[in-house]
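Below, each chain spelled out in residue letters.
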Amino acid sequence: MADRVTVIGWDGSPLTPAARSALLAATLVAGAAHHLALPEVPDDAEHIRLGSIDLAARRIAGHRGSAVVLADGDPGFFGVVRTLRAPEHGLEVEVVPAVSAVAAAFARAGMAWDDAQVVVAQRRTLRRAVNVCRAHTKVAVLTSPGAGPVELALLLEGVHRTFVICEELGTDREQVTVLTSDKVADHVWRDPNVVIVVGGTGISGSGGGAAGAAIPAAPGWILGGDSARPSGTGTRGWALPTAEYGITLDEGESTWLRAAQLARIGARTGDLIWDIGSGSGAVAAEAARFGAAVIAVDEEEGACAATAAAARRAGVQLQVVQGRAPHVLESLPEPDVVRIGGGGLDVVTACADRRPERIVTHAATRDEAEAVGAALAGGGYTVECALLQSVDLDTGDWSERERAVVFLVAGQRRESAP
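Let me begin by describing the structure that accompanies this report. Since this is a predicted model, take the numbers as computed values, not measurements. Numbers given to residues run from 1 along each chain, matching the order in which its sequence is written. A pLDDT threshold of at least 70 governs which residues receive local features in this predicted model, and a stricter bar of 80 or more applies before side-chain atom pairs are shown or counted, although totals over entire chains, interfaces and linings include all residues. For the side-chain quantities, the full set of heavy atoms in the structure was used; hydrogens and water were omitted.

1. A word on the overall build of the protein chain
Inference 1: If you tally the helices and strands in the protein chain, you get 12 helices and 18 strands.
Inference 2: Counting only C-alpha atoms and orienting by the principal axes, one finds that the protein chain spans roughly 85 × 45 × 40 Å.
Inference 3: Three labels apply to residues, based on accessible area from a 1.4 Å probe with only protein chains included: buried if under 20% of the type maximum, exposed if over 50%, partly exposed otherwise in between. Here the protein chain, with 418 residues, has 48% of them falling under the buried criterion.
Inference 4: Within the protein chain, contacts between residues at least 6 apart in sequence are counted, and of these 62% link residues at least 24 apart.
Inference 5: Surface summary for the protein chain: the accessible area is close to 19700 Å², and the carbon and sulfur share equals 53%.
Inference 6: By the counting scheme adopted, Arg and Lys are positive, Glu and Asp are negative, and His together with the chain ends is not counted. Here the site of a charge means atom NZ of a Lys, CZ of an Arg, CG of an Asp or CD of a Glu. Put simply, the protein chain has 37 plus and 51 minus side-chain charges, and the middle of one group is 3 Å from the middle of the other. Helix and strand assignments come from DSSP, with helices taken as H or I runs of at least 4 residues and strands as E runs of at least 2, each series counted from the N terminus. We call two residues contacting when some pair of their heavy atoms lies within 4.5 Å. In this description, accessible areas are obtained by the Shrake-Rupley approach with a 1.4 Å probe, and a residue is regarded as covered only by the protein chains that are shown.

2. Details of empty space enclosed by the protein
Inference 1: Only protein atoms enter the calculation, which uses a 1 Å grid: trapped sets of points that fit a 1.4 Å probe without letting it out are cavities, open sets showing protein on both sides within 12 Å along at least five of seven lines are pockets, and any residue with an atom within 4 Å of a point is a lining residue. Grid points are joined across faces, edges and corners, and a volume is the space filled by probe spheres set on the points. Tallied over the full model, the rule gives 3 cavities of 30 Å³ or more.
Inference 2: Considering only enclosed or pocket space, the largest cavity measures out at about 80 Å³ in volume.
Inference 3: In terms of lining residues, the largest cavity is bounded by 10 residues, among which L240, Y245, A310, R313 and A314 are the most central.
Inference 4: Looking at the lining of the largest cavity, the elements with two or more residues in it are α9 (282–289) and α10 (301–314).
Inference 5: Residue classes follow a fixed rule: Ala, Val, Leu, Ile, Met, Phe, Trp, Tyr, Cys and Pro count as nonpolar, while Asp, Glu, Lys and Arg count as charged, and any other residue, Gly among them, counts as polar. Residues of the lining of the largest cavity, tallied by class, amount to 5 nonpolar, 1 polar and 4 charged.

3. Considerations on the side chain of N193
Inference 1: With respect to the secondary-structure elements, N193 resides in strand β10 (residues 193–198).
Inference 2: The definition of a polar contact used here is a pair of N or O atoms within 3.5 Å, where within protein one atom must be able to donate a hydrogen and the other to accept one, and adjacent residues in sequence count solely through side-chain atom pairs. At 2.6 Å, the side chain of N193 and the side chain of T143 are in polar contact.
Inference 3: A distance of 3.4 Å separates a polar atom in the side chain of N193 from a polar atom in the side chain of D191.
Inference 4: In this structure N193 touches V141, T143, P149, I165, C166 and E167, once residues within four positions along its chain are discounted.

4. With respect to the pairing of strand β6 (residues 117–120)
In summary, the side chains of a regular strand alternate between the two faces of the sheet.
Inference 1: Burial along β6 is one-sided: Q117 and V119 are buried, while V118 and V120, pointing the other way, are not.
Inference 2: Here 4 bridges tie β6 to strand β7 (residues 138–142), and the two strands are oriented parallel to one another. When the sheet's bridge partners are listed, V118 is paired in β7 with A140.
Inference 3: Handedness of a crossover is defined as follows: orient the strands so they point away from the viewer, and if the path from the first strand over the helix to the second runs clockwise, the crossover is right-handed. The parallel pair β6 and β7, bridged by helix α6 (residues 126–135), forms a crossover whose chirality is right-handed. A strand pair is defined by DSSP finding two or more bridges across the two strands.

5. Concerning the pattern of salt bridges
Inference 1: Throughout this description, the term salt bridge denotes a Lys or Arg side-chain nitrogen within 4 Å of a carboxyl oxygen of Asp or Glu. With the rule as written, the count across this model stands at 20 salt bridges.
Inference 2: Among the ionic pairs, E174 bridges to R108, the shortest N-O distance being 2.7 Å. Remark: R108 occurs in helix α5 (residues 101–109) and E174 occurs in the loop between β8 (162–167) and β9 (175–180); sequence separation between them is 66 residues.
Inference 3: You can call E174 partly exposed: its relative accessible area is 29%.
Inference 4: With a closest N to O distance of 2.9 Å, R354 and E334 form a salt bridge. Residue R354 is found in the loop between α11 (345–353) and β16 (358–363), and its partner E334 is found in the loop between β14 (318–322) and β15 (337–340); the two are separated by 20 residues along the sequence.
Inference 5: Relative accessible area serves as the criterion here: at 19%, R354 is assigned to the buried category.

6. Details of the packing of aromatic side chains
Inference 1: Only Phe, Tyr and Trp rings take part, Trp by its six-membered ring, and two of them pair if their centres are within 6.5 Å. Stacked means planes under 30 degrees apart, edge-to-face means over 60, and tilted covers everything else. Using the criterion set out here, one finds 4 aromatic pairs in the structure.
Inference 2: Between W238 and F290, the ring centres sit 6.0 Å apart and the planes meet at 70°, which makes this aromatic pair edge-to-face. Separated by 52 residues along the polypeptide, W238 in the loop between β11 (208–211) and α8 (255–265) and F290 in the loop between α9 and β13 (293–298) bring together distant segments of the chain.

7. Describing the sheet that holds β9
Inference 1: Read across the open sheet, the 5 strands follow the order β6-β7-β10-β8-β9; overall the sheet is mixed. This sheet does not close on itself; its edge strands, each paired only once, are β6 and β9. Ignoring strand direction, the axes of neighbouring strands in this sheet form an average angle of 20°.
Inference 2: In this structure, β8 lies alongside β9, joined through 6 bridges in antiparallel fashion. Bridge pairing links I165 to T177 in β9. Every angle, taken between N-to-C directions, lies between 0 and 180 degrees, and every axis is a line fitted to C-alpha atoms, over only the stretch in contact when it is a helix.

8. Structural notes on a nonpolar patch on the surface
Inference 1: Two joining distances apply to patches: 9 Å for like charges and 5 Å for nonpolar side chains (Val, Leu, Ile, Met, Phe, Trp, Tyr), and every residue must have over 30% relative accessible area and no salt bridge. There is a patch of nonpolar side chains on the surface, built from V391, L393 and W398 and spanning about 290 Å² of accessible area.
Inference 2: When its relative accessible area of 34% is taken as the criterion, L393 is described as partly exposed.

9. Remarks on the sheet that holds strand β5 (residues 93–96)
Inference 1: If you walk across this open sheet you meet the 5 strands as β3-β2-β4-β1-β5, and the pairing is parallel. Lying at the two open borders of the sheet, with one neighbouring strand each, are β3 (46–49) and β5. Each strand axis lies, on average, 20° off the axis of its neighbour in the sheet, ignoring direction.
Inference 2: In this sheet, strand β4 (residues 66–72) lies alongside strand β1 (residues 4–10) in parallel orientation, the contact comprising 7 bridges. Across the sheet, R4 pairs through a bridge with S66, a residue of β4.
Inference 3: Packed onto the sheet, helix α1 (residues 17–24) meets β1, β2 (28–31), β4 and β5 and runs at close to 135° relative to β1.

10. Points about the side chain of T307
Inference 1: With respect to the secondary-structure elements, T307 resides in helix α10.
Inference 2: Dropping the residues within four chain positions of it, T307 is found in contact with S278, G279, S280, G281, A284, A296, L318 and V320.

11. What about unusual backbone geometry?
Inference 1: Of note, the bond from D191 into P192 is cis; its omega dihedral lies within 30 degrees of zero at -5°.
Inference 2: For P192, the position within the fold is in the loop between β9 and β10.
Inference 3: Note the cis peptide between A325 and P326, where omega equals 10°.
Inference 4: With respect to the helices, strands and loops of the structure, P326 is situated in the loop between β14 and β15.
Inference 5: The phi dihedral of F78 is positive, around 50°, even though this residue is not glycine.
Inference 6: Structurally, F78 is set in the loop between β4 and α4 (81–84).
Inference 7: Even without being glycine, E168 reaches a positive phi, approximately 45°.
Inference 8: Following the sequence through the fold, E168 ends up in the loop between β8 and β9.
Inference 9: Classification of E168 as buried rests on a relative accessible area of 13%.

What follows is the structure, encoded as structure tokens:
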């Protein structure tokens, strides 16, 4: 095992005395090509050009002497330190940090970033990174080849955002460009780059628009903002009382049915949820409060307006699409979870064909529940059904105020299904 391992962050500025001292004593230096070209890197040390961090860590673990790993920005922030310290490598490291690429990007943009989400976009995580950009008003995206500004913008089609694209930060080729998301694909961008995605009040496209609150100006207390208590509402909890929405909700949106549906939806950051037949927007807004991206679909103009109002009241972002399911679903991006508030068996079958992880709906009668369950089972889903009955009581005299009886039907995708 190496006698000493020092990880040095580099942001384009002159190296600190501690970094220069570690390099002077190094017998092995690992880094990208531009790191190994730095004048402070000793010629007589073994040089390892970083590709796989795991392979480099194994080489370092077997080295006798002092090893240095050079990395861009802060190596402890989505950087190499986590891999080097993994139990399978057993490396104890000293870290000499630099300004992270995210901090540098926000500094170039003149923006605070304690309220921003930060995500890494790679080919396997690109869709989830895009969903975070759908759901939040300020996101920093650490990009990679094949998951850069163009790919982000194309997958955000129908959602208006402003991109601040920071190319080659800390070098003499550094460039910062600000443009709207619909113009990003018209350019070629250099790696590496950091993209700041901001906004959320615009509408683009004939079939949908973004609805929600503007970027909050009030200072927060936790990095990334408090997603559990959005700025637009001070109400604690979920499946909020009907009175919170200021309108009459039908039986399919009763408080306790919403509670059960939200539990089965299991919304989380990075997910995309379809809410088909969104009605008042109560379920859509509450799913968005969990940090998920939500596309709410309804054919009624009034329902779309109510959903947008529910999003504003909750202080969340979601996209509203007016149209009739199942036809309008063909152009929507792939969902992780679908909640069906109405539309019939054709909609259930169309959603199952898109293979979301979970589909959640309800039925008024047992016969309807059996038909929905059969459609889900035929589409490759394991089905569960429960009869829910709730009685709302007036606690003044403990009299019955409202009664709701409904079947909750949920399908979990079988991984072995076609």
